[in-house]
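One letter stands for each residue in the lines below.
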Amino acid sequence: ECVVNRIAAGEVIQRPVSAVKELVENSLDAHSTSINVVVKDGGLKLIQVSDDGHGIRFEDLPILCERHTTSKLSTYEDLQTIKSMGFRGEALASMTHVAHVTVTTITKGQLHGYRVSYKDGVMEHQPKACAAVKGTQIMVENLFYNMVARKKTLQSTVDDYSKIVDVISRFAIHHTSVSFSCRKHGAVRADVHSVATSSRLDVIRSVYGPSVSCNLMKLETSDSDPVGSIFSMDGFISSSNYMAKKTTMVLFINDRLVECTALKRALEIVYAATLPKASKPFIYMSIQLPPEHVDVNVHPTKREVSLLNQERIIEKIQSVAESKLRSSNT
Ligand code: ADP
Ligand code: MG
């Protein structure tokens, strides 16, 4: 096996949580309505993601471990859009280089499913027919088994598990028509459990607790830039009654979980200026923008974005947040 492939794969999958994020996004792309995650040893021993989506076709199974295998190109209008969505067709192939991956899947109208395993970037055997319920289950075992240095730097499985719980919580509050669960292997109780069709505030309550959901205010705005394209934002921000030591910013742009440090900082400034005695905020925001206005930075795992007309957008959001905070505080 080529070491270069393994190193490149380790760049795409930096920690267990990066694998979880990619697997869950694939389940969402497959139009799942229920996504269940099981984790052992912070994801190093096992990450298992089961969904009820459209499944993977038999003929696609042998090529899943090849980079740039994606069934999704037709859904992206142009190269720019592909770029703005980040790296494509890399995630699963990368996982097969740094873990033992087993896929069980069934597509619509089939009488049975298939199971197949991959290791060191290749399929270990031909897909075997097996019983399967609707959708796909992907098991990622012994992550980084072939990367001794990486394994050593990832000693805190507690920390990795809490990162996974955090990312599933974020998906759950954005994708309210999908049920999510996340639990430790063997545990009866799930650490995240959301029910589809609940209102977003209900999901926030069940995932983050009433101390968050009871202290949120709705925030909305939209705008057109000088050439007429539309930006819209819809979300919740915490009021002065909310107490926390650090900011939670859950940001989705065009339904992708991303980070935008500039926007986060700008909102922290508004809180500090408007509610000087209050805590750091809790913010959930969903922003829709023309895809060509979103630039995902080079690193596939970071998901740090910058936006065209970023200053204008940030100022707009700052001003609605500020007036919301002022009016609630009087
Ligand atoms: P990408 O998501 O960028 O296409 P991935 O490496 O994440 O690349 O996945 C490769 C392909 O495997 C996807 O394009 C899709 O066809 C298929 N796939 C992966 N996971 C699932 C899933 N849970 N349900 C259906 N298809 C899946
Ligand atoms: Mg993917």
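Looking up the chain in an unreviewed UniProt entry gives the name DNA mismatch repair protein S5 domain-containing protein, with the organism given as Linum trigynum.

(A) How the structure looks around the sheet that holds strand S11 (residues 230-238). Spatial strand order, S10-S11-S14-S12-S13: five strands in an open sheet with mixed pairing. With one partner strand each, in any of the chains shown, strand S10 (216-224) and strand S13 (256-258) form the two edges of the open sheet. When the angles between neighbouring strand axes are averaged without regard to direction, this sheet yields 20°. Bridge count for S10 against S11 is nine bridges, and the pairing is antiparallel. Residue pairing for S11: Ser222 is matched across the bridge by Ser232.

(B) Inspection of the packing of helix H2 (residues 16-29) against helix H6 (residues 157-174) at higher detail. Put simply, H2 and H6 touch, their axes get as near as 9 Å, and they point 25° apart. Here H2 is positioned roughly parallel relative to H6, judged by the angle of their axes. Handedness of the crossing formed by H2 with H6: right-handed. Residue-level inspection shows Pro16, Val17, Val20, Lys21 and Val24 of H2 in contact with H6, the latter providing Asp160, Lys163, Ile164, Val167 and Phe171.

(C) Spotlight on the domain arrangement of the chain. Here the chain is partitioned into domain 1 (3-194) and domain 2 (215-328). For domain 1 and domain 2, the distance between their C-alpha centres works out to 29 Å.

(D) Region of the structure containing the pairing of S11. Sheet analysis places S11 next to strand S14 (residues 282-288), joined by six bridges and oriented antiparallel. The residue of S14 that forms the bridge with Phe236 is Tyr284.

(E) Representation of the pairing of strand S4 (residues 113-119). Direction of pairing for strand S3 (residues 100-106) relative to S4: antiparallel, over a ladder of five bridges. Note on S4: the bridge partner recorded for Val101 is Tyr118. Inspection of the sheet shows S4 paired to strand S6 (residues 128-130) by three bridges, in the antiparallel sense. Each residue of the ladder has a partner; that of Arg115, found in S6, is Lys128.

(F) Representation of the packing of helix H9 (residues 261-274) against helix H10 (residues 310-328) in the model. Orientation of H9 relative to H10, taken along the N-to-C sense of each, is 30°, at an axis distance of 10 Å. With respect to their mutual orientation, H9 and H10 come out roughly parallel. Note that H9 runs across H10; the crossing there is right-handed. On the side of H9, the interface is formed by Ala262, Leu263, Ala266, Leu267, Val270 and Thr274, while H10 contributes Gln310, Ile314, Ile317, Gln318, Ala321, Glu322, Leu325 and Arg326. Residue classes in the contact of H9 with H10 are distributed as nine nonpolar, three polar and two charged.

Conventions and cut-offs
- Residues numbered from 1 in each chain as written.
- Chains lettered and ligands numbered in written order.
- Predicted model: local features only at pLDDT ≥ 70, side-chain atom pairs only at ≥ 80, totals over all residues.
- Pairing = 2+ DSSP bridges.
- Helix = DSSP H or I, 4+ residues; strand = E, 2+ residues; numbered from the N terminus.
- Axes fitted to C-alpha atoms, helices over the stretch in contact; angles between N-to-C directions.
- Parallel < 35°, antiparallel > 145°, perpendicular 65-115°, else oblique.
- Left-handed = near helix turned anticlockwise from the far one by under 90°.
- Contact = placed C-beta atoms within 7 Å.
- Domains from an automatic or database assignment.
- Nonpolar A, V, L, I, M, F, W, Y, C, P; charged D, E, K, R; others polar.

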